[in-house]
Amino acid sequence: MKQFWITFKQFMLYLLLSQGIMIVGGVVAFISGGMKGLEKDAMMDYLYSSKILLWSMILGYIVTIVVFLGMRYVKIKTGRIERDRLWQTIGAAALIALGWMFVEVGILQLIDADKLFADEIEELEKFSKILSGPLGAIAVGILAPISEEIGFRGVLMGGLLRMRCGAWPAIVISAIVFAFFHGTHIQLLGTTVFGIIAGWLYWRTRSLIPSMIIHMVNNSAACILEALAPDYEPGKMASVAFIVVFLPILIYGLKWFHK
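Residues numbered from 1 in each chain as written. Predicted model: local features only at pLDDT ≥ 70, side-chain atom pairs only at ≥ 80, totals over all residues. Heavy atoms only, no water.

> Account for the overall build of the protein chain, naming residues and giving values.
Helix and strand content of the protein chain: 11 helices and 0 strands. The C-alpha atoms of the protein chain give a radius of gyration of 19 Å, which matches the 18 Å a tight globule of 259 residues would have. Structurally, the protein chain occupies a C-alpha span of about 60 × 50 × 30 Å along its principal axes. Across the 259 residues in the protein chain, those meeting the buried criterion constitute 44%. For the protein chain, the proportion of contacts with a sequence separation of at least 24, taken over those separated by at least 6, is 80%. Of the roughly 13,900 Å² that the protein chain leaves accessible, carbon and sulfur atoms contribute 69%. The centroid of the 22 positive side-chain charges in the protein chain is displaced by 19 Å from the centroid of its 18 negative side-chain charges. (Helix = DSSP H or I, 4+ residues; strand = E, 2+ residues; numbered from the N terminus. Rg over C-alpha atoms; globule rule 2.2 N^0.38 Å. Buried < 20%, exposed > 50% of the residue type's maximum accessible area, 1.4 Å probe, protein only. Contact = heavy atoms within 4.5 Å. Areas by Shrake-Rupley, 256 points an atom, 1.4 Å probe, with all protein chains shown as cover. Lys, Arg positive; Asp, Glu negative; His and termini not counted. Charge placed at Lys NZ, Arg CZ, Asp CG, Glu CD.)

Here you go:
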(Lines give C-alpha, C1' and ligand atoms only; values in the text may rest on other atoms or scores of the structure.)
Protein backbone atom coordinates (compact mmCIF):
# COMPACT_ATOMS: atom_id res chain seq x y z
CA MET A 1 0.00 0.00 0.00
CA LYS A 2 2.88 2.38 0.76
CA GLN A 3 4.33 1.87 -2.72
CA PHE A 4 0.89 2.50 -4.24
CA TRP A 5 0.65 5.93 -2.64
CA ILE A 6 4.24 6.79 -3.57
CA THR A 7 3.52 5.90 -7.20
CA PHE A 8 0.18 7.74 -7.16
CA LYS A 9 1.66 10.95 -5.73
CA GLN A 10 4.60 10.90 -8.12
CA PHE A 11 2.35 10.31 -11.13
CA MET A 12 0.00 13.11 -10.07
CA LEU A 13 3.03 15.39 -9.72
CA TYR A 14 4.11 14.37 -13.21
CA LEU A 15 0.69 15.31 -14.65
CA LEU A 16 0.61 18.56 -12.68
CA LEU A 17 3.99 19.70 -13.97
CA SER A 18 3.90 18.42 -17.55
CA GLN A 19 0.26 19.33 -18.26
CA GLY A 20 -0.48 22.03 -15.70
CA ILE A 21 2.09 24.47 -17.04
CA MET A 22 0.85 23.88 -20.60
CA ILE A 23 -2.76 24.44 -19.51
CA VAL A 24 -1.81 27.73 -17.87
CA GLY A 25 -0.11 28.75 -21.12
CA GLY A 26 -3.24 27.78 -23.06
CA VAL A 27 -5.42 29.89 -20.77
CA VAL A 28 -3.08 32.89 -21.17
CA ALA A 29 -3.16 32.46 -24.97
CA PHE A 30 -6.96 32.13 -24.90
CA ILE A 31 -7.32 35.32 -22.87
CA SER A 32 -4.94 37.08 -25.25
CA GLY A 33 -7.09 36.01 -28.20
CA GLY A 34 -10.25 37.13 -26.40
CA MET A 35 -8.80 40.58 -25.88
CA LYS A 36 -8.38 40.80 -29.64
CA GLY A 37 -12.12 40.20 -30.08
CA LEU A 38 -11.71 36.99 -32.09
CA GLU A 39 -14.66 34.73 -32.95
CA LYS A 40 -14.72 31.05 -31.90
CA ASP A 41 -13.13 29.57 -35.05
CA ALA A 42 -10.58 32.37 -35.32
CA MET A 43 -9.86 31.94 -31.60
CA MET A 44 -8.97 28.26 -32.06
CA ASP A 45 -6.72 29.05 -35.02
CA TYR A 46 -5.04 31.74 -32.92
CA LEU A 47 -4.60 29.32 -30.02
CA TYR A 48 -3.09 26.59 -32.19
CA SER A 49 -0.61 29.03 -33.74
CA SER A 50 0.27 30.73 -30.46
CA LYS A 51 3.90 30.81 -29.36
CA ILE A 52 2.64 31.18 -25.79
CA LEU A 53 1.22 27.66 -25.88
CA LEU A 54 4.37 26.27 -27.48
CA TRP A 55 6.68 27.87 -24.91
CA SER A 56 4.47 26.66 -22.06
CA MET A 57 4.75 23.11 -23.44
CA ILE A 58 8.54 23.39 -23.58
CA LEU A 59 8.69 24.84 -20.06
CA GLY A 60 6.41 22.12 -18.70
CA TYR A 61 8.55 19.35 -20.19
CA ILE A 62 11.82 20.88 -18.97
CA VAL A 63 10.53 21.46 -15.43
CA THR A 64 9.18 17.88 -15.30
CA ILE A 65 12.48 16.37 -16.46
CA VAL A 66 14.56 18.49 -14.06
CA VAL A 67 12.33 17.77 -11.05
CA PHE A 68 12.05 14.02 -11.54
CA LEU A 69 15.71 13.45 -12.36
CA GLY A 70 16.89 15.97 -9.76
CA MET A 71 14.78 14.40 -6.99
CA ARG A 72 15.89 10.96 -8.22
CA TYR A 73 12.30 9.73 -8.51
CA VAL A 74 13.48 8.21 -11.79
CA LYS A 75 17.00 7.36 -12.93
CA ILE A 76 18.27 7.14 -16.50
CA LYS A 77 20.77 4.30 -16.35
CA THR A 78 21.99 1.56 -18.65
CA GLY A 79 20.44 -1.24 -16.57
CA ARG A 80 21.09 -4.57 -18.30
CA ILE A 81 22.54 -2.91 -21.39
CA GLU A 82 26.23 -3.70 -21.78
CA ARG A 83 28.14 -0.47 -22.26
CA ASP A 84 30.07 -1.75 -25.28
CA ARG A 85 26.73 -2.54 -26.98
CA LEU A 86 25.03 0.77 -26.21
CA TRP A 87 25.18 2.04 -29.80
CA GLN A 88 23.84 -1.27 -31.11
CA THR A 89 21.00 -0.93 -28.61
CA ILE A 90 20.24 2.59 -29.82
CA GLY A 91 20.30 1.40 -33.44
CA ALA A 92 17.94 -1.51 -32.75
CA ALA A 93 15.57 0.82 -30.89
CA ALA A 94 15.59 3.22 -33.86
CA LEU A 95 14.68 0.34 -36.20
CA ILE A 96 11.74 -0.58 -33.96
CA ALA A 97 10.54 3.04 -33.97
CA LEU A 98 10.68 3.41 -37.75
CA GLY A 99 9.24 -0.06 -38.28
CA TRP A 100 6.20 0.52 -36.12
CA MET A 101 5.62 4.09 -37.33
CA PHE A 102 5.34 3.11 -41.00
CA VAL A 103 3.39 -0.08 -40.27
CA GLU A 104 0.89 1.97 -38.26
CA VAL A 105 0.61 4.57 -41.04
CA GLY A 106 0.01 1.81 -43.57
CA ILE A 107 -2.72 0.18 -41.45
CA LEU A 108 -4.49 3.50 -40.77
CA GLN A 109 -4.52 4.32 -44.47
CA LEU A 110 -5.82 0.88 -45.45
CA ILE A 111 -8.77 1.16 -43.04
CA ASP A 112 -9.48 4.77 -44.14
CA ALA A 113 -8.97 6.13 -40.63
CA ASP A 114 -9.11 9.68 -42.02
CA LYS A 115 -12.76 9.15 -42.93
CA LEU A 116 -13.63 7.30 -39.73
CA PHE A 117 -12.19 10.05 -37.53
CA ALA A 118 -12.52 13.10 -39.78
CA ASP A 119 -13.15 15.57 -36.94
CA GLU A 120 -10.13 14.36 -34.97
CA ILE A 121 -7.92 14.54 -38.06
CA GLU A 122 -8.93 18.17 -38.55
CA GLU A 123 -8.07 19.01 -34.94
CA LEU A 124 -4.73 17.17 -35.17
CA GLU A 125 -3.88 19.10 -38.34
CA LYS A 126 -4.59 22.38 -36.54
CA PHE A 127 -2.49 21.29 -33.57
CA SER A 128 0.39 20.42 -35.90
CA LYS A 129 0.71 24.15 -36.62
CA ILE A 130 2.19 24.56 -33.14
CA LEU A 131 4.81 21.96 -33.90
CA SER A 132 6.10 23.45 -37.15
CA GLY A 133 9.57 24.92 -36.95
CA PRO A 134 12.63 24.16 -34.82
CA LEU A 135 10.98 24.88 -31.45
CA GLY A 136 8.12 22.52 -32.20
CA ALA A 137 10.55 19.81 -33.29
CA ILE A 138 12.51 20.20 -30.05
CA ALA A 139 9.34 20.11 -27.96
CA VAL A 140 7.78 17.08 -29.64
CA GLY A 141 10.83 15.26 -30.94
CA ILE A 142 13.06 15.46 -27.86
CA LEU A 143 11.50 16.91 -24.72
CA ALA A 144 8.07 15.23 -24.90
CA PRO A 145 9.52 11.70 -25.33
CA ILE A 146 11.92 12.13 -22.40
CA SER A 147 9.17 13.57 -20.19
CA GLU A 148 6.57 10.96 -21.14
CA GLU A 149 8.93 8.02 -20.69
CA ILE A 150 9.83 9.35 -17.25
CA GLY A 151 6.13 9.57 -16.38
CA PHE A 152 4.63 6.46 -17.94
CA ARG A 153 7.48 3.97 -17.90
CA GLY A 154 9.70 5.30 -15.10
CA VAL A 155 7.05 6.37 -12.59
CA LEU A 156 3.87 4.47 -13.46
CA MET A 157 5.21 1.17 -14.82
CA GLY A 158 8.19 1.21 -12.47
CA GLY A 159 5.83 1.73 -9.52
CA LEU A 160 3.59 -1.14 -10.66
CA LEU A 161 6.62 -3.44 -10.91
CA ARG A 162 7.71 -2.46 -7.40
CA MET A 163 4.18 -3.31 -6.22
CA ARG A 164 4.78 -6.83 -7.60
CA CYS A 165 2.04 -6.29 -10.16
CA GLY A 166 3.72 -8.62 -12.65
CA ALA A 167 5.58 -7.66 -15.79
CA TRP A 168 2.81 -7.93 -18.39
CA PRO A 169 0.05 -6.35 -16.27
CA ALA A 170 2.42 -3.44 -15.55
CA ILE A 171 3.32 -3.12 -19.24
CA VAL A 172 -0.30 -3.20 -20.44
CA ILE A 173 -1.75 -0.93 -17.73
CA SER A 174 0.90 1.75 -18.29
CA ALA A 175 0.42 1.46 -22.08
CA ILE A 176 -3.37 1.91 -21.83
CA VAL A 177 -3.02 4.93 -19.54
CA PHE A 178 -0.41 6.31 -21.95
CA ALA A 179 -2.83 5.86 -24.89
CA PHE A 180 -5.76 7.57 -23.15
CA PHE A 181 -3.41 10.38 -22.11
CA HIS A 182 -3.10 11.31 -25.80
CA GLY A 183 -6.85 11.84 -25.92
CA THR A 184 -7.89 10.80 -29.45
CA HIS A 185 -9.67 7.73 -30.76
CA ILE A 186 -7.58 7.52 -33.92
CA GLN A 187 -4.38 7.21 -31.86
CA LEU A 188 -5.82 4.92 -29.18
CA LEU A 189 -4.93 1.47 -30.54
CA GLY A 190 -1.64 2.48 -32.18
CA THR A 191 -0.46 4.34 -29.09
CA THR A 192 -1.40 1.38 -26.89
CA VAL A 193 0.74 -0.92 -29.06
CA PHE A 194 3.56 1.63 -29.00
CA GLY A 195 3.27 1.81 -25.19
CA ILE A 196 3.40 -1.98 -24.93
CA ILE A 197 6.57 -2.05 -27.04
CA ALA A 198 8.15 0.74 -24.97
CA GLY A 199 7.15 -0.98 -21.72
CA TRP A 200 8.52 -4.32 -22.88
CA LEU A 201 11.85 -2.67 -23.77
CA TYR A 202 11.96 -1.04 -20.34
CA TRP A 203 11.26 -4.34 -18.60
CA ARG A 204 13.66 -6.26 -20.83
CA THR A 205 16.61 -3.88 -20.31
CA ARG A 206 15.73 -2.29 -16.93
CA SER A 207 16.61 0.99 -18.62
CA LEU A 208 14.60 3.95 -19.95
CA ILE A 209 17.15 4.53 -22.71
CA PRO A 210 15.58 2.19 -25.36
CA SER A 211 12.03 3.44 -24.77
CA MET A 212 13.23 7.04 -24.92
CA ILE A 213 15.05 6.31 -28.18
CA ILE A 214 12.04 4.73 -29.91
CA HIS A 215 9.87 7.61 -28.67
CA MET A 216 12.29 10.28 -29.88
CA VAL A 217 12.85 8.62 -33.26
CA ASN A 218 9.10 8.15 -33.78
CA ASN A 219 8.22 11.74 -32.91
CA SER A 220 11.21 13.30 -34.69
CA ALA A 221 10.52 11.31 -37.88
CA ALA A 222 6.90 12.45 -37.77
CA CYS A 223 8.01 16.09 -37.42
CA ILE A 224 10.46 15.74 -40.33
CA LEU A 225 7.84 14.12 -42.59
CA GLU A 226 5.32 16.80 -41.66
CA ALA A 227 7.84 19.52 -42.57
CA LEU A 228 8.92 17.91 -45.85
CA ALA A 229 5.55 16.67 -47.12
CA PRO A 230 2.68 18.11 -45.06
CA ASP A 231 -0.03 17.20 -47.58
CA TYR A 232 1.21 13.74 -48.58
CA GLU A 233 -1.17 10.83 -48.02
CA PRO A 234 -0.02 7.37 -49.17
CA GLY A 235 -2.36 5.45 -51.44
CA LYS A 236 -3.39 1.83 -50.98
CA MET A 237 -0.37 0.41 -52.81
CA ALA A 238 2.06 2.61 -50.89
CA SER A 239 0.37 1.63 -47.62
CA VAL A 240 0.76 -2.06 -48.41
CA ALA A 241 4.41 -1.40 -49.34
CA PHE A 242 4.95 0.32 -45.98
CA ILE A 243 3.72 -2.78 -44.15
CA VAL A 244 5.63 -5.25 -46.31
CA VAL A 245 8.92 -3.34 -46.01
CA PHE A 246 8.79 -2.10 -42.42
CA LEU A 247 7.13 -5.02 -40.60
CA PRO A 248 10.30 -7.17 -40.99
CA ILE A 249 12.36 -4.22 -39.72
CA LEU A 250 10.12 -3.97 -36.66
CA ILE A 251 10.36 -7.73 -36.04
CA TYR A 252 14.15 -7.67 -36.44
CA GLY A 253 14.49 -4.92 -33.83
CA LEU A 254 12.24 -6.74 -31.37
CA LYS A 255 14.13 -10.01 -31.88
CA TRP A 256 17.43 -8.22 -31.23
CA PHE A 257 16.17 -7.11 -27.81
CA HIS A 258 14.66 -10.54 -27.15
CA LYS A 259 18.17 -12.01 -27.30
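> Give a detailed account of helix H7 (residues 134–162), specifying residues and quantitative values.
The sharpest bend along H7 comes to roughly 40°, located at leucine 143, with the proline proline 145 sitting one to four residues further on. Just downstream of H7 lies arginine 164, where phi reads positive at about 60°. (Bend = angle between axes of the 7 residues up to and from the residue.)

> Give a detailed account of the side chain of serine 239, specifying residues and quantitative values.
Its location among the elements puts serine 239 in helix H11 (residues 236–258). Of the residues examined, serine 239 reaches a relative accessible area of 0% and is grouped as buried. Residues within four places of serine 239 in sequence aside, it is in contact with Gly106, Gln109, Leu110 and Pro234.

> So, the packing of helix H9 (residues 185–205) against helix H10 (residues 209–228): which residues are in play, and what are the values?
Across the interface, H9 lies against H10 with an axial gap of 8 Å and an inter-helix angle of 150°. One finds that H9 runs roughly antiparallel with respect to H10. On the side of H9, the interface is formed by Phe194, Ile197, Ala198, Leu201 and Thr205, while H10 contributes Pro210, Ser211, Ile214, His215 and Asn218. Taken together, the residues that form the contact of H9 with H10 break down as 6 nonpolar, 4 polar and no charged. (Axes fitted to C-alpha atoms, helices over the stretch in contact; angles between N-to-C directions. Parallel < 35°, antiparallel > 145°, perpendicular 65-115°, else oblique. Nonpolar A, V, L, I, M, F, W, Y, C, P; charged D, E, K, R; others polar.)

> Pulling in residues and values, what's your account of unusual backbone geometry?
Of note in this structure, arginine 72 is not a glycine but carries a positive phi near 60°. Examined against the element boundaries, arginine 72 turns out to sit in the loop between helix H3 (51–70) and helix H4 (86–110). The class for arginine 72 is exposed, based on a relative accessible area of 54%. The phi angle at arginine 164 is positive, at roughly 60°, despite the residue not being glycine. Note that arginine 164 resides in the loop between H7 and helix H8 (167–181).

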